[in-house]
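Summary of the model geometry
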Amino acid sequence: MATVHSYDVFDTVLTRRVGDPEAVITVLAQRLAQAGRLPVSAAVFAAARRRHERRLNRLCGAHAPLREVYAETAAALSVDASQGQDWYEAEVALERELTVPVPGALEMIEKSRAEGVRVAFVSDTPHSEATLRELLGAHGLATDDDLVITSSQRGVTKSKGGLFTAVAEMLGDTETFWHRGDNQRSDFESARAEGWDSAVLPRARLTRYERLLEREATATDGLTSWLAGSSRLARLEAYERGVAAPVADVAAGSMAPMLVGYALWTLGQARLRGLKRLYFVARDGEVMLEVARQVIGRLAPDIELRYLHGSRQPWVYGACATSEPILAHWAQGRTDFTARTTVSRLGLTPEQVFAETGFAPASPERADTPLSADDRVRLAELLQSEPLVSTVRAGAAESAERTIAYLRQEGLTDGTPSALVDAGWSGRAAAALDHLLVTAGAAPVPHLFVGLLGSAAEEDLRRDVTLVPWLFDRQRHPGSTAGLHAPNVLVEMFCSGTTGRTVDYEIDPADGTARPVLDRELNDPSLDWGLREIQAIAVRVAELLAPHLDAQAGHLDSTAYVWEVLRAFWTHPTKAEVAAWGSFPGEEEIWPPFMPLAQQITAPAMLKRALRGEKTMRPNNTWRAGSAVASNHPWRGLLRLRAWREENDARIRRIPRRIRMAWATRRRR
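**Section: the sheet that holds strand β9 (residues 304-308)**
Within the open sheet, the five strands sit side by side as β9-β8-β10-β11-β12. Their pairing is parallel. Each end of this open sheet is capped by a strand with a single partner; those strands are β9 and β12 (467-473). For this sheet the average axis-to-axis angle between neighbouring strands, irrespective of direction, equals 25°. Relative to strand β10 (residues 418-425), strand β8 (residues 277-281) runs parallel, the two being bridged by four bridges.

What follows is the structure in structure tokens.
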């Protein structure tokens, strides 16, 4: 008497580089059409292939053999049977190309063998047992001693019943059968119904993000099917490294598609504008650049990809030396700013301001207390007038000189057609950089942004700046971020950098080299949270996808599928995702400089914000959906109600008109 450990095949020990199994047929149809091996279009062929498989399965009561499926398809399309055989061989060859082992599967199978049990592979599939044995053997999963059983060859299935019994009859002297597979019904319930022990291993099944990507496959000419498959492989590899599923799933299924989509759009813009060099701006540009090296580096190796140290602080501060509008905007603090936070951006200390002006909120006892609305206005006025403005401009001029030296060194003034690639938002830093480039005698550059936020009040800054948004543009279309509250917080989390912020530049007196000055060497809070892991997952997705990209990928519209996977996570997270990602340390200019993105709402904290003039229930730049999960009622309900109202604002605003129309119709009767 012996024990058998049985394994399902697809999405248990083998998986594919595309998302859904149906995508195999789509890829096959496209390739056959390109090679001139079809009498009809790829779409017509794929539809016929699927239709005849379903029909034969229904007639047989089991999975029809793949050869028969193609014989029927060839007959239906009025071609010689030999062409059906050609298509059959092409699909088997494609399966060889697409199938890869599930990470960890070999170790699991080897553990079974080490226990001295017999290993079997049992699959519901149209493939023959010989084909399946070949696929398994190619990856070292099956040996000559293992049993390989398929429904198409035995005439019974796991899902409808009979296949497990057939295996047991073949191994009549076996006392224990234990089956593992990804499907609750076919692999768990059916096995138990036929007297086997069983367990579900669902981790290789598509996540909700990967299903959303697969759903967009037709609109993206199959790109998102490859992306879904790449996401699955990257997260499965991450699981094996010990990364928690809620972290790996989001990094692979939401973060990576955003970065890949942005890289493809950036490539399209570079081609459109004749750009030869792209500068990815620190720190958001760090992981953007690594993904772009996989995507753009493969599709357009002639475009130079570079990393540029910079941030609002040195660029905007430097531009304040000669730009009145930039100084006016930079002197305005946010609602949560203190006197120290505001004046430090202009190279001053609260002690200087208090000594020169007697401004009470800058006194030692109040310098770190958030300013009131009136105090913010008054401080902005003081910073733009004497005696402070001369000091501000002198310091800004020195900063501008150092910044321009760095920009020259990095080639931004050498005339090469270039653009800056960054997360985006108001465009204030972009305007400041362009101002410095013009000061240096160079031309402004286009700024390629994930998205644009900001208000009409900053229009005077942006008027002559080329800002090109990809995913949303709230400056032109205020409703373009509906359903994705505070997208800047989400994007900045996904694009957090591993180093500190660039606050200045320094010139080496020995050789004149300009170097960035960081506020700290490493972004330790984010690194401690696990930043390198999510970056590695996202880059791995791009690496897996890159070989399957073609020249037209840069012209595909990626915004729809990116929006869907971002919204699924950011607006409708699971509890496990909130628990994992809600602790991510969001970085701020205020104190404390880091705070968790998901904030528990309390009445005392709300009162303090209200007294400072803040109108939100949460601190700036936090995660609303995450905070709702982290908070108790009534705050949880209020946050969710606000989210519902924003998502349905357009419908709500139409209700009064619909009522009037209905009433007018009734009166006419």
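**Here's the deal with the layout of surface pockets**
In this structure, the second largest pocket spans a volume of roughly 900 Å³. Taken together, 34 residues line the second largest pocket, and the ones lying closest to its centre are Phe10, Arg16, Pro21, His63 and Asp124. Looking at the lining of the second largest pocket, the elements with two or more residues in it are α1 (22-34), α2 (42-60), α4 (81-98) and α9 (184-193). Per-element accounting of the lining of the second largest pocket gives the leading share, five residues, to α2. Its residues assigned to classes, the lining of the second largest pocket shows six nonpolar, nine polar and 19 charged.

**Re the nonpolar core**
Among the nonpolar cores identified, the biggest contains 131 residues, and Val13, Phe121, Leu278, Phe494, Phe569 and Trp581 are the most heavily contacted of them. By residue number, the principal contributor to this core is helix α12 (residues 245-273), which donates 16 residues. Not counting residues within four places of it along the chain, the set of residues in contact with Trp581 comprises Pro246, Val247, Val250, Ala251, Met493, Phe494, Trp529, Ile534, Phe569 and Trp623. Core analysis: the next-biggest nonpolar cluster, separate from the first, contains 45 residues, Val353, Ala396, Leu436 and Val445 among them.

**Examining helix α8 (residues 163-170)**
Turning to α8, its buried residues number three or more, namely Leu163, Phe164, Ala166 and Val167. For α8, the arc enclosing every buried residue in end-on projection is 160°, short of the 170-degree limit, so these residues lie on one face. Residues of α8 that are buried in the fold lie against β4 (118-123), β5 (147-150), α7 (151-154), β6 (174-181) and α9.

**Overview of the pairing of β12**
For β12, the tally of buried residues reaches six of seven residues, placing the bulk of the element in the interior. Pairing of strand β11 (residues 447-452) with β12 involves five bridges; the strand directions are parallel. Bridging from a neighbouring strand, Leu448 pairs with Val468 of β12.

**A word on the pairing of β10**
Summarising burial for β10: eight of the eight residues are buried, a large majority. Sheet topology places β10 next to β11; five bridges connect them, and they run parallel. Its bridge partner lying in β11, Leu420 is registered against His447.

**Examining the environment of Ala442**
Tracing the backbone through its elements, the reader meets Ala442 in the loop between α20 (428-439) and β11. Taking relative accessible area as the criterion, Ala442 reaches 16% and is therefore assigned buried. Residues Ala442 and Thr99, 343 residues apart in the sequence, show an inter-C-alpha distance of 52 Å. With residues up to four places along the chain from it excluded, the contact list for Ala442 reads Leu412, Thr413 and Leu437.

**Describing the side chain of Thr342**
Within the secondary structure, Thr342 is located in helix α16 (residues 339-344). Thr342 sits in the buried class, given a relative accessible area of 1%. Other than its neighbours up to four places away in sequence, Thr342 contacts Ala331, Gly333, Phe337, Leu371, Leu379 and Leu383.

**Regarding empty space enclosed by the protein**
With the rule as written, the count across this model stands at one cavity of 30 Å³ or more. Each pocket or cavity is described by its volume, and for the largest cavity that value is around 30 Å³. Lining the largest cavity, in full, are Leu259, Tyr262, Ala263, Thr266, Phe280, Met288 and Ala292. Of the residues in the lining of the largest cavity, the class split is six nonpolar, one polar and no charged.

**Focus: the packing of aromatic side chains**
The full count for this structure, using the stated rule, is 17 aromatic pairs. Here the aromatic rings of Phe494 and Trp581 are separated by 5.8 Å at their centres, their planes lie at 80°, and the arrangement is edge-to-face. Of this pair, Phe494 sits in helix α22 (residues 487-494) while Trp581 sits in helix α26 (residues 575-581); the two residues are 87 residues apart in sequence, bridging distant segments of the chain. Like Phe494, the residue Trp581 is buried in the burial classification. Plain terms: the ring middles of Trp529 and Phe584 are 4.9 Å apart, the flat faces sit at 70° to each other, and that makes the pair edge-to-face. Of this pair, Trp529 sits in helix α23 (residues 524-529) while Phe584 sits in the loop between α26 and β15 (585-587); the two residues are 55 residues apart in sequence, bridging distant segments of the chain. A relative accessible area of 19% means that Trp529 is categorised as buried. An aromatic cluster is present here, built from Phe494, Trp529, Phe569, Trp570, Trp581, Phe584 and Trp623 joined pairwise through their rings. Positioned above the aromatic ring of Phe10, the side-chain terminus of Arg16 is 4.0 Å from the ring centre. Across from the ring centre of Trp330, 3.7 Å away, lies the NZ or CZ of Arg345, which sits over that ring.

Cut-offs applied
Throughout, residues of each chain are indexed from 1 in the direction in which the sequence is written. Where totals are concerned, whole chains, interfaces and linings use all residues; where local detail is concerned, this predicted model gives features only for residues with pLDDT of at least 70, and gives and counts side-chain atom pairs only at 80 or more. Only hydrogens and water are removed before side-chain values are computed, so all heavy atoms of the structure are retained for them. At least two DSSP bridges between two strands are needed for those strands to be called paired. Working definition: helices are DSSP H or I runs of at least four residues, strands are E runs of at least two. Numbering for both runs from the N terminus. Simply put, an axis is a line fit to the C-alpha atoms, just over the touching stretch for a helix, and the angle between two N-to-C directions goes from 0 to 180 degrees. In this analysis, the protein atoms alone were mapped onto a 1 Å grid. Cavities are point sets where a 1.4 Å probe fits without being able to get out; pockets are open sets with protein on both sides within 12 Å along at least five of seven lines; lining residues have an atom within 4 Å of a point. Grid points are joined across faces, edges and corners, and a volume is the space filled by probe spheres set on the points. Charged residues are taken to be Asp, Glu, Lys and Arg, nonpolar residues to be Ala, Val, Leu, Ile, Met, Phe, Trp, Tyr, Cys and Pro, and polar residues to be all remaining types, Gly included. For our purposes a nonpolar core is just a set of buried Ala, Val, Leu, Ile, Met, Phe, Trp, Tyr and Cys residues, chained together by side-chain atoms within 4.5 Å. When a residue's accessible area, from a 1.4 Å probe over protein chains only, is under 20% of the maximum for its type it is buried; when over 50% it is exposed; and in between it is partly exposed. The contact definition used throughout considers only heavy atoms, calling two residues in contact when any of these lie within 4.5 Å. Think of the arc as the fan of directions from the helix axis to the C-beta atoms. Only Phe, Tyr and Trp rings are paired, with Trp represented by its six-membered ring, and only when their centres lie within 6.5 Å; those with planes under 30 degrees apart are stacked, over 60 edge-to-face, the remainder tilted. Any Lys NZ or Arg CZ that is within 6 Å of a ring centre and within 35 degrees of that ring's normal is treated as a charge sitting over the ring.

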